[in-house]
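# Examining the three-dimensional arrangement
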Amino acid sequence: MIYAPKEGFGRTARIQSMEDYQFLYRKSLERPEEFWGEMAQALTWFHPPETVLDADTDQVDFSWFGGGRLNACYNAVDRHVKENPRKPAIIWAKNEPGQYELITWRDLKHNVGRVANVLKAHGVKKGDRVCIYLPMVPELAYTMLACARIGAVHSVVFAGFSADSLRERILDSGAQVLVTANEGPRGAKRVRTKAISDEAVEGLSQVRSVLVVRRTEADVPMKAGRDWWLDQEMSKHRGTCPVEWMAAEDPLFILYTSGSTGKPKGVMHTTGGYLVYAVTTHRYVFDLQPDDVHFCTADMGWITGHTYLLYGPLANGTTTVLFESIPTYPDAGRLWQVVDDVKATVLFTAPTALRALLREGDAYVKKSSRKSLRLLASAGEPINPEVWRWYHDVVGEGRCPVVDNWWQTETGGVLIAPMPGATPCKPGSATLPFFGVEPVLVDDEGRVLEGNGVSGNLCIARTWPGQARTLWGNHQRFIETYYSRFPRLYFTGDGCRRDEDGYYWITGRVDDVLNVSGHRLGTAEVESALVAHESVAEAAVVGFPHELKGTGVCAFVTLKPEFLDASTEQMMGALKEQVRHVIGPIATPDQVRIVSGLPKTRSGKILRRMLRKIACGETQDLGDTSTLAEPSVLDELLTQQSQMQ
Ligand code: 6R9
C-alpha cells in the first residue's frame, strides 16, 4: 500500500510536491556547486567560502567550502541569542518523569562560554581532542559546543561503553582531557561513569585532567591534581569566551563506530561541510517550522544525537529535547508523556524502541494526547512495515507523515528519505535520495546496475558536504574501507533494492543478505514477515550453511507476553507458515528458535554476527561479546544450541 502525503500538511511544507522535489533534486545534481553554495548561506560565515568543492576522487580527498571561515558554536548558539534570547534552546527531560529544565539561548551561551574557559584553563587548545563520557545531561551539550567554540575536537563516547572501550578510544584520539559525571541515572539504574572513567584512564599519563559533572549526590573518589568538579571549575570563570574562526575543513568531531574488524574507526567530520549538511537535511527531512519542538530520542553517543539532537536543530534555531531516560521507564508510556509535556512537534526514534513499545500494547499510547505531533521519524535499522504502520496509525493517528530516513555515522546526515509534504510512502522503504545524493547499485563484480527493479550493493557516486573525510590518523584505512571494494564509489556496506518506482529499500548490511537456492533474500524481509504475525515481538534472521540450498534460513524470535504459554511445536509451525505465506516458500525458515531475548548492542542493534555464529554452530568463536547490552541472553542461546546438537 502507498501512503499519499497528508492533506493539509503539504500546504505549509517546505517541499510541497514531487515536482518541487524533482526540480531541486535535478538542480542539486546538475549544478551542485550552485546548489550547495546557496545552502551554505543558511550559516553565518566569518569569511564566506571562495570555492564550493575541490574533489580529488583518486586520492579520496574531498574539500568543501574552501576559503570559508566559520564557527559551529557561533552558528548553534550566538546568532540565536541575538534574535531570541528567551526562547528555550534545550528542554532537558530528566530521568524521573515530570522533571524538566528549560535552557534558553542566553543560558546556553553563558554556560557554553564558561565550560570553554574551563577547557582553556586546563590547557585545551585549537585542534586538541577532548573525550566526553557523559550521560544525557546539559553539560554534555555545553561541552560539545564549548569544544567547537575554541576549535577543539570532541570525541563523545556513549556512556554505556565499558572501561576498555573508553580507554581504547581515548588512546586512539590522543585526548588529554576527559569529561565525565559522578554517575548517570538511566531508568531504574545508575551508570557509574566516574568509576568506569577511573578504570579507563588508570595509569594513562596522557590524560591530564578529568572534569566531573555532579549529576547526583553520590560521592566519588577524586584524584588530587587530575580530577576536578566541573561546577566548581565553572564558577571560577565568566561566560564570555571569544570564538575561534575555523577553516571549513578543520575537524569538528571524531565519532567512533564499529567496523568489520575489531578495532573501532574514528570517523572524522569537518566544521563547514558537516554543518551545512546538518542544517540542510534537518530543514527538509523534518520539514522544519519556526515553532518546532524537536524530540530526538537518540543518545548523544551516536551520530543521530550529534546531527539531529544537537547541531542540526540548534544551528537552525530550533528547540531541542535532551532526554535522559529510556522509553520504558517507569513504563511504556514514557515517550508519549514527554511528547505531551514538552509539546513535541517532531518525534524521531529508532525501530528498536518502537518494537519494544508496540509489544506493550496500544493502551499506553492512547493514554496520551499527542496532539502537538506533526511528524514522526525513524532511523537506525530497517523498519518493518508492520511497525511502520503502527507508528503511523496508532502513534500518529494517521495524521503525521512517517519519515524513515537512511544514513550512517560516515554520512554525517540523512542520504535517503521522503520529503514529508510530498513523497508518497511505502512502509519499509526510505524512498528517494536527498538533494545532491546520487545512489548507485552495483553487483559484486562492480558493474553498475541501471534502471529500476534491481538489487545490489548500495554505493554513492559523488561526494556530499556531510561526508566523513577520513578515519582519525589513518587515511589509508578510510580508503580501504570505503573506496577499495568499488573504485571511485563510496561503498556503504548495505544491500539495497531499487523497486519499479525507483524507491530504495535497504535490505540490511550486505553480509545480512542470504542467497537461498540462488535467490536473493533480505534478512529484513523475513524478519518483517515474522513480526507481522500476531505472536511475534522481535525477530532476527541469519543464514547458515545448508546442504541443498546453499544457505538456510534460521530465525530467532521473541514472543509477545500473551503467547508465552503456547506450545513451542505449534508456534514454530505457525511461524514457518507465516513466512511461507507472506514471502513465498523460498523464504520458509529452516529453523525457528524461540528465545526470551535477542543479543543487542547498547544502541539497540541486534548482533546478527553473533547469531550467525550460533546458527552455524561456531559457538567456540563468538568474537567480541563486550558490546552486548544484556550478556545473559547469550547463555540461553548457547544452552539451546547445545541441546540441538
Ligand atoms: C544513522 C545511523 C548505519 C547503518 C546503516 C544501515 C542501518 C540506518 C536505516 C538503516 C534501514 C534506515 N540503517 N538507518 N537501515 N533503514 N532508515 O544509524 O548510523 O549507527 O552508523 O548505522 O544502520 O545498515 O548502514 P549508524
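Cut-off values and rules
Residues numbered from 1 in each chain as written. Predicted model: local features only at pLDDT ≥ 70, side-chain atom pairs only at ≥ 80, totals over all residues. Heavy atoms only, no water. Helix = DSSP H or I, 4+ residues; strand = E, 2+ residues; numbered from the N terminus. Rg over C-alpha atoms; globule rule 2.2 N^0.38 Å. Buried < 20%, exposed > 50% of the residue type's maximum accessible area, 1.4 Å probe, protein only. 1 Å grid on protein atoms, 1.4 Å probe; cavity = no way out; pocket = protein on both sides within 12 Å on 5 of 7 lines; lining within 4 Å. Points joined across faces, edges and corners; volume = space filled by probe spheres on them. Nonpolar A, V, L, I, M, F, W, Y, C, P; charged D, E, K, R; others polar. Pairing = 2+ DSSP bridges. Contact = heavy atoms within 4.5 Å. Axes fitted to C-alpha atoms, helices over the stretch in contact; angles between N-to-C directions. Expected span 1.5 Å × (residues − 1). Arc of directions from axis to C-beta. Patch = residues over 30% accessible without salt bridge, like charges linked within 9 Å, V, L, I, M, F, W, Y side chains within 5 Å. Areas by Shrake-Rupley, 256 points an atom, 1.4 Å probe, with all protein chains shown as cover. Salt bridge = Lys/Arg side-chain N within 4 Å of Asp/Glu carboxyl O. Lys, Arg positive; Asp, Glu negative; His and termini not counted. Charge placed at Lys NZ, Arg CZ, Asp CG, Glu CD. Core = buried A, V, L, I, M, F, W, Y, C linked by side-chain atoms within 4.5 Å. Near = heavy atom within 4 Å. Polar contact = N/O pair within 3.5 Å; in protein donor to acceptor, adjacent residues only side chain to side chain. Right-handed = clockwise from strand over helix to strand, strands pointing away. Phe/Tyr/Trp six-rings, centres within 6.5 Å; stacked < 30°, edge-to-face > 60°. Lys NZ or Arg CZ within 6 Å of the ring centre and 35° of its normal. Parallel < 35°, antiparallel > 145°, perpendicular 65-115°, else oblique. Left-handed = near helix turned anticlockwise from the far one by under 90°.

The secondary structure content of the chain amounts to 20 helices and 30 strands. Taking 645 residues into account, the globule formula puts the C-alpha radius of gyration at 26 Å, and the chain, at 24 Å, falls close to it. Seen along its three principal axes, the alpha-carbon backbone of the chain occupies a region of about 70 × 60 × 50 Å. Buried positions account for 61% of the 645 residues belonging to the chain.

The next thing to look at is the layout of surface pockets. Approximately 460 Å³ is the volume attributed to the second largest pocket. Residue lining of the second largest pocket: 21 residues in total, with Pro385, Trp505, Ala524, Glu525 and Ser528 positioned closest to the centre. Counting only elements with at least two residues in the lining of the second largest pocket, the list comes to α15 (385–395), β25 (504–509) and α17 (523–531). Looking at side-chain class alone, the lining of the second largest pocket contains 12 nonpolar, 4 polar and 5 charged residues.

Pairing is mixed across the open sheet formed by 8 strands, whose spatial order is β12-β11-β8-β6-β7-β14-β15-β23. Both outer strands of the open sheet, β12 (227–229) and β23 (470–471), are each paired with one neighbouring strand and no more. Strand direction decides the pairing type here: strand β11 (residues 209–213) and β12, joined by 3 bridges, are parallel. Along β12, the bridge assignment pairs leucine 211 with tryptophan 228. With respect to the sheet, helix α8 (residues 193–201) is in contact with β8 (177–181), β11 and β12, its orientation differing from that of β8 by roughly 155 degrees.

The next thing to look at is helix α18 (residues 568–582). Along its 15 residues, α18 runs 21 Å from first to last C-alpha, staying within 8% of the 21 Å computed at 1.5 Å per residue. Buried within α18 we find Met571, Leu575, Gln578 and Val579. All buried residues of α18 fall inside an arc of 90 degrees around its axis, so they share one side. Counted as exposed and oriented over 90 degrees from the buried face of α18: Glu569, Gln570 and His581. Positive phi shows up at glycine 584, right after α18, with a value of about 130 degrees.

Together, Asp164, Glu168, Glu199, Glu202 and Asp624 make up a region of like negative charge exposed at the surface. Among the structural elements, glutamate 202 can be located in the loop between α8 and β11.

This next bit is on the nonpolar core. Across soluble globular proteins, nonpolar side chains have a tendency to be buried as a group. If you look at the biggest cluster of nonpolar residues, it comprises 121 residues, and the most contacted ones within it are Trp36, Leu108, Leu145, Tyr311 and Phe435. The element contributing the most residues to this core is helix α6 (residues 138–150), with 9 residues. Membership of the second largest hydrophobic core comes to 52 residues, among which are Val365, Leu521, Val553 and Leu575.

Here we take up the site of the ligand. Near the ligand there are 15 residues, and of these Asp404, Asn405, Thr409, Asp494 and Arg509 occur at the shortest range. Between the ligand and the protein, one listed contact pairs a nitrogen atom with a backbone N or O atom of asparagine 405 at 2.8 Å. At 2.9 Å, a side-chain N or O of glutamine 408 approaches an oxygen atom of the ligand. In the complex, the protein chains occlude 90% of the 530 Å² of accessible area that the ligand would expose alone. Here the residues of the shell around the ligand sort into 5 nonpolar, 5 polar and 5 charged.

Where burial is concerned, most of α17 is hidden: 8 out of the 9 residues are buried. Those residues of α17 that sit buried are Thr523, Ala524, Val526, Glu527, Ser528, Ala529, Leu530 and Val531.

It is worth spelling out the pairing of strand β6 (residues 129–132) at this point. For β6 and strand β7 (residues 153–156), the ladder comprises 4 bridges, and the chain directions are parallel. Counterpart to isoleucine 132 in the pairing with β7 is valine 156. Each parallel crossover has a hand, and the one from β6 via α6 to β7 is right-handed. As paired elements, β6 and β8 share 3 bridges and run parallel to each other. Bridging across to β8, isoleucine 132 finds its partner in valine 179.

On to the sheet that holds strand β18 (residues 346–349). Ordered in space as β5-β4-β17-β16-β18-β19-β20, the 7 strands form an open sheet in which the pairing is mixed. Of all the strands in the sheet, just β5 (100–104) and β20 (402–404) have a single pairing partner and so form its edges. The average angle at which neighbouring strand axes cross in this sheet is 20 degrees, direction not considered. Pairing of strand β4 (residues 88–93) with strand β17 (residues 319–323), which is carried by 4 bridges, proceeds in the parallel orientation. Bridging across to β17, isoleucine 91 finds its partner in valine 321.

Okay, the pattern of salt bridges next. On inspection of all chains with the given rule, the structure shows 34 salt bridges. Of the charged contacts, one joins arginine 374 and aspartate 292 as a salt bridge, the two residues approaching to 3.0 Å between their closest N and O atoms. On the criterion of sequence distance, the pair formed by arginine 374 in the loop between α14 (363–366) and β19 (375–378) and aspartate 292 in the loop between α10 (272–285) and β16 (293–296) is long-range, its members being 82 residues apart. In this structure arginine 374 comes out as buried when scored by relative accessible area, which is 18%. The residue aspartate 621 makes a salt bridge to lysine 613 at a minimum N-O spacing of 3.2 Å. Through salt bridges with shared partners, a single network forms among Lys27, Arg31, Glu34 and Glu38.

In total, this model carries 31 aromatic pairs according to the counting rule given. A ring pair is formed by phenylalanine 62 and tyrosine 483, whose centres lie 6.1 Å apart and whose planes are at 45 degrees; its orientation type is tilted. Note that phenylalanine 62 is positioned in strand β2 (residues 61–64) and tyrosine 483 in helix α16 (residues 475–483), a separation of 421 residues in sequence. As far as burial versus exposure is concerned, phenylalanine 62 and tyrosine 483 are alike and both buried. When the centroid spacing of 5.7 Å and the interplanar angle of 45 degrees are considered together, the rings of tryptophan 64 and phenylalanine 65 count as tilted. Aromatic ring contacts, followed pair by pair, group Tyr21, Tyr25, Phe35, Trp36, Trp45, Trp64, Phe65, Tyr277, Tyr284, Phe434 and Phe435 into a single cluster. Here the basic side chain of arginine 214 rests over the ring of tryptophan 229, its NZ or CZ set 4.1 Å away from the ring centre. For the cation-ring pair, lysine 426 lies above tyrosine 503, with the distance from its terminal atom to the ring centre recorded as 4.7 Å.

At a closest axis distance of 8 Å, the pairing of helix α4 (residues 72–83) and helix α11 (residues 303–315) adopts a crossing angle of 55 degrees. Taken together, the axes of α4 and α11 are oblique relative to one another. Once α4 is placed against α11, the crossing between them reads as left-handed. Mapping the contact onto sequence places Ala72, Asn75, Ala76, Arg79 and His80 in α4 and Tyr311, Leu314 and Ala315 in α11. Considered class by class, the residues forming the contact of α4 with α11 number 5 nonpolar, 2 polar and 1 charged.

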